[in-house]
Amino acid sequence: MHKFDTNVQHLKYKVLREVARLSWADELLENILDIPNRIITDKKPTVRCCVYKEKAIVAERVKIAMSGNKLNPNVIEVIETACDECPMGGYEVTNACRGCLAHRCMDACKFGAISFDKNHVACIDKSKCKECGACAKVCPYTAIISRRRPCENACKIKAISMNEEKAAAIDNSKCIACGACVYQCPFGAIMDKSYIIDAIDIIKKSESNTKYKVYAVVAPSISSQFRYAKLGQVITGLKELGFHTVVEAALGADMVADSESKELVEKGFLTSSCCPAFVQYIEKNFPELLPHVSHNLSPMATIAKYLKDNDKGCKVIFIGPCTAKKAEVQKESVKPYVDVAMTFEELQAMFDSKDIDISTLSESFLENASYFGRIFARSGGLADAVAQGIREHGDTEFELKACSCDGIEECKIALMKKSKNVLDANFIEGMACVGGCIGGAGCLTHGDRNKSEVDKYGREAFEKTIGDAISVLK
């Protein structure tokens, strides 16, 4: 059967499964209060101080599984009642301190936050400490360490701080919805909103009146997920759920690579527009570089626009590894084309909510995209596809100098260099998640193996060039 990386993911999945199961049966509202009892069946607490608190937290998870706080525009939310087991964090002196004569830590501190007790052990005054880390850097015994919370460590853009109740707080003006904090929180106190009931409603209405078709647009990283079954069985499972047709977002990636390669040659410098978290990062931190962002919609939105242009009234549901896609579909430029964005975690919950064991199904096949469209799922794939697009257009004089950024920290470095005109590259491929889309917070599994699975999936593509793939669209 399916397996999740962590118990936190499994708990999140169980909540989603129950919400979905009741939604299919039109019984959600009358049974919503009973979901915590279905999830927490033990009479004794397993993690929290009491079983009542565990159930109260599950009730909060149910709210987020039903699209969360409508007044909060962010798709990432904190469950404050679940966020109480982490230490406040900050720099601390450990028992490795030898009370040495040098006192380098005290000399390094510019704020007078370090003193020594009667046993000559260093002490940090939290009211004066600025968390600069200068003391830790100079300690010869590495006796001073940073005990930052996992969510703070995961958030490389410093959008998370602690509020007065000692719970995590997200600064929406900084957050890019990448979901790194969601995956790294050991207690599952940070979650991405789910719109699974909206997806189910769309499917149910299409089955009852047949007025429109529902398309599932699946991200190419799907090839590295659902390892207990074959990819073709996953595709059949989607049709069993009620989707009319399953389309590869990789075909949208082929369309983007074709257009973006032309745009790059024309403009001479470009940053990619495929990763919504990367684009948000530019908008919030490097607005002066926005003119350099490719004018193309993301592969998801590009193929969805094609579908809606050619099948008036159809509905499009995107399924992938990305929490930031949920924020992207709220943008005015994307909203007309994508009705709901879901994660692979939510798809697994949907399968099980209808008791669909995909490992027993026959195989269906996807033959929409090329190798180059499919490898968008991993870091470096987009740059490879753009290079191929340039070759296919016969632009022999243009020399591509790509900077493929694997994670938001690398993106920050590249963008800073570009802002100072010291970047030795003419194309920035920005991927907010380490590894690319295969490292997205909504994946069932994360790991090094995923990259090889994506490349293998790409090599299986029937269409061998970008031009071959998009020729069927003309």
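Residues numbered from 1 in each chain as written. Predicted model: local features only at pLDDT ≥ 70, side-chain atom pairs only at ≥ 80, totals over all residues. Heavy atoms only, no water.

Enquirer: Would you explain the overall build of the chain in this entry?
Expert: For the chain, the helix and strand inventory stands at 20 helices and 15 strands. Its C-alpha atoms give the chain principal-axis dimensions of about 80 × 65 × 35 Å. By residue count, 55% of the 474 residues in the chain fall in the buried class. For the chain, the separation between the mean place of its 63 positive charges and that of its 63 negative charges on side chains is 4 Å. (Helix = DSSP H or I, 4+ residues; strand = E, 2+ residues; numbered from the N terminus. Buried < 20%, exposed > 50% of the residue type's maximum accessible area, 1.4 Å probe, protein only. Lys, Arg positive; Asp, Glu negative; His and termini not counted. Charge placed at Lys NZ, Arg CZ, Asp CG, Glu CD.)

Enquirer: Can you help me understand helix α1 (residues 7-24) in this one?
Expert: Taking 1.5 Å per residue, 18 residues should reach 26 Å; α1 reaches 26 Å between its end C-alpha atoms and fits that length. Here α1 has its buried residues at Gln9, Lys12, Tyr13, Val15, Leu16, Arg17, Glu18, Val19, Ala20, Leu22, Ser23 and Trp24. Note on α1: the residue one or two positions beyond its end, aspartate 26, has a positive phi of about 55°. (Expected span 1.5 Å × (residues − 1).)

Enquirer: What should I look at first to understand the environment of threonine 245 in this one?
Expert: Inspection of the secondary structure assignment puts threonine 245 in strand β10 (residues 245-248). Placed ten residues apart in sequence, threonine 245 and isoleucine 235 show a C-alpha to C-alpha distance of 9.2 Å. Apart from the residues lying within four places of it in its own chain, the contact partners of threonine 245 are Val214, Tyr215 and Ala216. A polar side-chain atom of threonine 245 sits 2.6 Å from a polar atom in the side chain of histidine 244. (Contact = heavy atoms within 4.5 Å. Polar contact = N/O pair within 3.5 Å; in protein donor to acceptor, adjacent residues only side chain to side chain.)

Enquirer: Can you walk me through the packing of aromatic side chains in this structure?
Expert: A ring pair, where both rings are aromatic, is described by two values, the distance of the centres and the angle of the planes. Counted according to the given criterion, the structure contains five aromatic pairs. Among the aromatic residues, those joined into a ring-pair cluster are Phe226, Phe344 and Phe351. Residue placement shows arginine 374 over the ring face of tyrosine 457; its charged tip is 3.9 Å from the ring centre. For the cation-ring pair, lysine 418 lies above phenylalanine 269, with the distance from its terminal atom to the ring centre recorded as 3.9 Å. (Phe/Tyr/Trp six-rings, centres within 6.5 Å; stacked < 30°, edge-to-face > 60°. Lys NZ or Arg CZ within 6 Å of the ring centre and 35° of its normal.)

Enquirer: Any chance you could explain the packing of α1 against helix α4 (residues 51-65) here in plain terms?
Expert: When two helices pack together, their arrangement is given by the angle between the helix axes and the distance between those axes. Interhelical geometry of α1 versus α4 gives an angle of 60° and a closest axis separation of 10 Å. As summarised for this structure, α1 and α4 are arranged oblique, according to the angle between their axes. The handedness of the crossing between α1 and α4 is right-handed. Along the contact surface, α1 presents Leu11, Val15, Leu16 and Val19, while α4 presents Val58, Arg61, Val62 and Ala65. Here the contact of α1 with α4 is built from residues that sort into seven nonpolar, no polar and one charged. (Axes fitted to C-alpha atoms, helices over the stretch in contact; angles between N-to-C directions. Parallel < 35°, antiparallel > 145°, perpendicular 65-115°, else oblique. Left-handed = near helix turned anticlockwise from the far one by under 90°. Nonpolar A, V, L, I, M, F, W, Y, C, P; charged D, E, K, R; others polar.)

Enquirer: Hey, could you run me through the pairing of strand β14 (residues 402-406) in this one?
Expert: A regular strand places its side chains on the two faces of the sheet in alternate fashion. Residue alternation in β14 divides its side chains into a buried set, Cys403 and Cys405, and an unburied set, Ala402, Ser404 and Asp406. The pairing of β14 with strand β15 (residues 427-431) spans five bridges and is parallel. When the bridges of β15 are listed, aspartate 406 appears paired with methionine 431. (Pairing = 2+ DSSP bridges.)

Enquirer: Quick question: what am I supposed to make of the domain arrangement of the chain here?
Expert: How big an interface is tends to be expressed through the accessible area that disappears when the partners come together. Per the domain assignment, the segments of the chain are domain 1 (7-78 + 151-196), domain 2 (90-147) and domain 3 (210-471). For domain 2 versus domain 3, the separation of C-alpha centres amounts to 47 Å. (Domains from an automatic or database assignment.)

Enquirer: So what exactly am I meant to see when it comes to the side chain of asparagine 426 here?
Expert: Along the chain, asparagine 426 turns up in the loop between α18 (408-419) and β15. For asparagine 426, a relative accessible area of 11% gives the class buried. A polar side-chain atom of asparagine 426 sits 2.9 Å from the main-chain carbonyl oxygen of glutamate 399. Setting aside its immediate chain neighbours within four residues, asparagine 426 contacts Leu264, Gly268, Phe269, Leu270, Phe398, Glu399, Leu400, Lys401 and Ala402.

Enquirer: When you look at the sheet that holds strand β12 (residues 315-320) in this model, what are you seeing that I'm missing?
Expert: Strands in a sheet are paired, the pairing made by backbone hydrogen bonds, and the direction either parallel or antiparallel. Strand order in the open sheet formed by four strands is β10-β9-β12-β13, and the pairing between neighbours is parallel. Where the open sheet ends on each side, the last strands, each with one partner, are β10 and β13 (340-343). Ignoring which end each strand starts from, the neighbouring axes of this sheet average 25° apart. As paired strands, strand β9 (residues 214-218) and β10 are joined by four bridges and run parallel to one another. Among the inter-strand pairings, valine 218 is bridged to a residue of β10, identified as glutamate 248. Its contacts with the sheet put helix α15 (residues 344-353) on β12 and β13, and the angle it makes with β13 is roughly 85°.

Enquirer: Help me out: how do you make sense of the sheet that holds strand β11 (residues 270-271) in this one?
Expert: Read across the sheet, three strands follow the order β11-β15-β14 without closing on themselves; strand pairing throughout is parallel. Both outer strands of the open sheet, β11 and β14, are each paired with one neighbouring strand and no more.

Enquirer: Please clarify how empty space enclosed by the protein should be interpreted in this entry.
Expert: Rolled over the atoms, a probe as big as a water molecule pinpoints where empty space is left. Taken as a whole and assessed by the stated rule, the structure comprises six cavities of 30 Å³ or more. Its volume calculated, the largest cavity comes out at about 320 Å³. Lining the largest cavity are 25 residues; nearest its centre among them are Cys274, Cys275, Cys322, Lys325 and Cys437. Breaking the lining of the largest cavity down by element, the ones donating at least two residues are α11 (249-267), α12 (276-285), α13 (299-310) and α14 (324-328). Across the lining of the largest cavity, the residue classes tally to 21 nonpolar, three polar and one charged. (1 Å grid on protein atoms, 1.4 Å probe; cavity = no way out; pocket = protein on both sides within 12 Å on 5 of 7 lines; lining within 4 Å. Points joined across faces, edges and corners; volume = space filled by probe spheres on them.)

Enquirer: So what exactly am I meant to see when it comes to unusual backbone geometry here?
Expert: Backbone phi values are negative for most residues with the exception of glycine, while trans is the configuration of most peptide bonds. Positive phi, normally seen in glycine, also occurs at lysine 158, with a value near 60°. You can see lysine 158 is positioned in the loop between α7 (150-154) and β6 (160-162). Look at lysine 158 and you get exposed, because its relative accessible area is 62%.

Enquirer: Even after reading the chapter, I still don't get α12, so can you show me in this structure?
Expert: The α-helix advances 3.6 residues per turn, and as a result positions three or four apart in sequence lie on the same side. α12 sits mainly inside the fold: seven of its ten residues count as buried. Within the span of α12, buried status applies to Pro276, Ala277, Phe278, Val279, Gln280, Tyr281 and Ile282.

Enquirer: Mind showing me how you'd approach the pattern of salt bridges here?
Expert: Side chains bearing opposite charge may pair, as long as their charged atoms lie close to each other. Throughout the structure, instances matching the rule amount to 27 salt bridges. We note a salt bridge from lysine 12 to aspartate 192, for which the minimum N-O separation is 2.4 Å. Placement of the pair is lysine 12 in helix α1 and aspartate 192 in strand β8 (residues 190-192), with a sequence separation of 180 residues. The two residues lysine 12 and aspartate 192 agree in class, both being buried. A salt bridge links arginine 21 to aspartate 355, with the shortest nitrogen-to-oxygen separation between them at 3.6 Å. One end of the pair, arginine 21, is in helix α1; the other, aspartate 355, is in the loop between α15 and α16 (371-374), and 334 residues separate them in sequence. Assessed through its relative accessible area of 27%, arginine 21 is described here as partly exposed. (Salt bridge = Lys/Arg side-chain N within 4 Å of Asp/Glu carboxyl O.)

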